[in-house]
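# Summary of structural features
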Amino acid sequence: MKTIGLLGGMSWESTSVYYNIINTIVKQRLGGFHSAKCVLYSVDFHELEENFSKGDWDKNTQILTEAALNVQKGSADFLLICTNTMHKIADKIQEKLTIPIIHIADVTADNILSKNIKKVALLGTKYTMEQDFYSKIIENKGIEVVTPALKERDFINHIIFKELCLGIITETSKKLFLDLINKFRSDGVQGVILGCTEIGLLIKQADTTMPLFDTTIIHAEAAVDLALS
């Protein structure tokens, strides 16, 4: 079994979901007392959030690169950055590592293609929805990506940072997300990417008939596939 490297804490609520999913799948596949070999480095998200609010991505690159190098020193065979937004700087982090980063958008795109879906909506932080570091990876695989209107992007971003990252789950916010997902149907959208690792804390596939692509689950499953390959 290969050792999975996890760069987490962004936020710790979703990082705990990664750990749970990874170990649950390993137990299901191998049985007995098996669990995943993991190296986890959890950063202080407060510092990172302040930096990208100020547009200081260089500082976040420095912090996360140092953290990733510590994961590598811990004998990880590959690395997962346990957040969608910070994949904006994944390429810069990868330049300093000798182990590969399993990119969350890459494995999500592959999962979408496996369902024969060609048009998706992307929900996430404003950074993920409004910049192309994420969507272009999906689009380069032949999938059309649409995002909500500005007002909707604002409320999604607010819910992520003011509620979900703080462990706050409300029925009001859940309804707002589900109403938006249903609205996408009229635009020919065939599936929705939950492109923030916290959104899966609020919405589950059982809540809607629209196919959801929970990036936390997809990323964690890809880690297990590689670890056991």
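Here the residue index of a chain counts from 1 through its sequence in written order. Where local features are concerned, this predicted model is filtered to residues with pLDDT of at least 70; where side-chain atom pairs are given and counted, the filter is 80 or more; whole-chain, interface and lining totals use all residues. Where side-chain values are given, they derive from all heavy atoms of the structure, hydrogens and water being excluded.

## Notes on the environment of Glu95
In plain terms, the rule: Helix and strand labels come from DSSP, where a helix needs a run of H or I of at least four residues and a strand needs a run of E of at least two; each type is numbered from the N terminus.
Within the secondary structure, Glu95 sits in the loop between helix H4 (90-94) and helix H5 (104-114). It is 19 Å that separates the C-alpha atoms of Glu95 and Gly8, two residues lying 87 residues apart in sequence.

## With respect to the domain arrangement of the protein chain
Basically, it comes down to this: Each domain's extent is set by a domain assignment, obtained either automatically or from a database. By the convention used here, residues are in contact when the closest approach between their heavy atoms is within 4.5 Å. Take the accessible area each of two parts loses on contact, using a 1.4 Å probe, and add the two losses: that sum is the buried area. One speaks of a salt bridge when a side-chain nitrogen belonging to Lys or Arg is within 4 Å of a carboxyl oxygen belonging to Asp or Glu. In protein, a polar contact means a hydrogen-donor-capable atom and an acceptor-capable atom, both N or O and within 3.5 Å, with residues adjacent in sequence counting only if both atoms are side-chain atoms; elsewhere, any N or O pair within 3.5 Å suffices. Residue polarity follows a fixed list, in which Ala, Val, Leu, Ile, Met, Phe, Trp, Tyr, Cys and Pro are nonpolar, Asp, Glu, Lys and Arg are charged, and the others, Gly among them, are polar.
For the protein chain, the assigned domains read domain 1 (4-103 + 218-228) and domain 2 (105-214). Placing the centre of domain 1 and that of domain 2 at their C-alpha centroids yields a distance of 21 Å. Tallying the contact residues gives 22 residues for domain 1 and 25 residues for domain 2. Ranking the residues of domain 1 by area buried against domain 2 places Asn84, His103 and Ile218 at the top, with a combined share of 42%. Where domain 1 meets domain 2, there are 0 salt bridges. Linking domain 1 with domain 2 are 13 residue pairs in polar contact (both at pLDDT 80 or more), by the criterion used here. Only helix H1 (12-30), helix H2 (45-53) and helix H10 (215-227) provide two or more residues apiece to the side of domain 1 that touches domain 2. Its residues assigned to classes, the side of domain 1 that touches domain 2 comprises 10 nonpolar, 9 polar and 3 charged.

## Thoughts on the sheet that holds strand S3 (residues 78-81)
Counted only if it meets this: Between any two strands, at least two bridges found by DSSP are needed for them to pair. Here, axes are lines fitted to C-alpha atoms. For helices the fit covers the stretch in contact, and angles between N-to-C directions go from 0 to 180 degrees.
The strand order across the open sheet formed by 3 strands is S2-S1-S3, and the pairing between neighbours is parallel. The open sheet has two edge strands with one neighbour each: strand S2 (38-42) and S3. Sheet twist, expressed as the average angle between the axes of neighbouring strands with direction ignored, equals 20 degrees. Sheet strands touched by H10: strand S1 (4-8) and S3. Its angle to S3, the strand with the most contacts, is close to 175 degrees.

## Thoughts on the pairing of strand S4 (residues 119-123)
As a reminder, the rule being used: Relative accessibility thresholds used throughout: buried, under 20% of the residue-type maximum; exposed, over 50%; partly exposed, between the two (1.4 Å probe, protein chains only).
Of all the 5 residues making up S4, 5 are buried; the element is thus mostly covered by neighbouring parts of the structure. With burial as the criterion, each face of S4 is covered, one bearing Lys119, Ala121 and Leu123 and the other bearing Val120 and Leu122. Of the pairings in the sheet, the one linking S4 to strand S5 (residues 144-146) comprises 3 bridges and is parallel in character. If you follow Val120 over to S5, its bridge partner there is Val145. The pairing of S4 with strand S6 (residues 191-194) spans 4 bridges and is parallel. Residue pairing across strands places Ala121 opposite Val192, the latter belonging to S6.

## Some points on the pattern of salt bridges
Oppositely charged side chains may form a pair once their charged atoms are brought near each other. Taken as a whole and judged by the stated rule, the model has 10 salt bridges. In this structure, Glu152 and Lys183 form a salt bridge, with 2.8 Å as the shortest nitrogen-oxygen distance. Of this pair, Glu152 sits in helix H8 (residues 150-162) while Lys183 sits in helix H9 (residues 171-183); the two residues are 31 residues apart in sequence, bridging distant segments of the chain. With relative accessibility at 14%, the residue Glu152 sits in the buried group. Across the pair Lys175 and Asp179 runs a salt bridge, and its minimum N-O distance is 2.8 Å. Placement of both Lys175 and Asp179 in helix H9 is noted, with a separation of 4 residues, approximately one turn of the helix. With a relative accessible area of 52%, Lys175 lands in the exposed category. Salt bridges sharing common partners tie together Lys126, Glu130, Arg153 and Asp154.

## Concerning the packing of H5 against helix H7 (residues 132-139)
Basically, it comes down to this: If you view the pair so one helix is near and one far, a crossing is left-handed when the near helix is turned anticlockwise from the far one by less than a right angle, and right-handed when it is turned clockwise.
Close contact between H5 and H7 brings their axes to 9 Å; oriented N to C, the two are set at 35 degrees. Handedness of the crossing formed by H5 with H7: right-handed. Together, Ile104, Ala105, Asp106, Thr108 and Ala109 of H5 and Tyr134, Ile137 and Ile138 of H7 make up the contact between the two elements. Grouping the constituent residues of the contact of H5 with H7 by class yields 6 nonpolar, 1 polar and 1 charged.

## A closer look at the sheet that holds S6
Taken in spatial order, the 4 strands line up as S5-S4-S6-S7 in an open sheet, and their pairing is parallel. Each of the sheet's edge strands pairs with one partner strand only, and the pair in question is S5 and strand S7 (212-214). Averaged over all adjacent pairs, the angle separating strand axes in this sheet is 30 degrees, with direction ignored. Along the sheet face, H7 touches S4, S5 and S6 and points at about 150 degrees away from the line of S5. Taken strand by strand, H10 contacts S6 and S7, and its axis lies near 55 degrees from that of S7.

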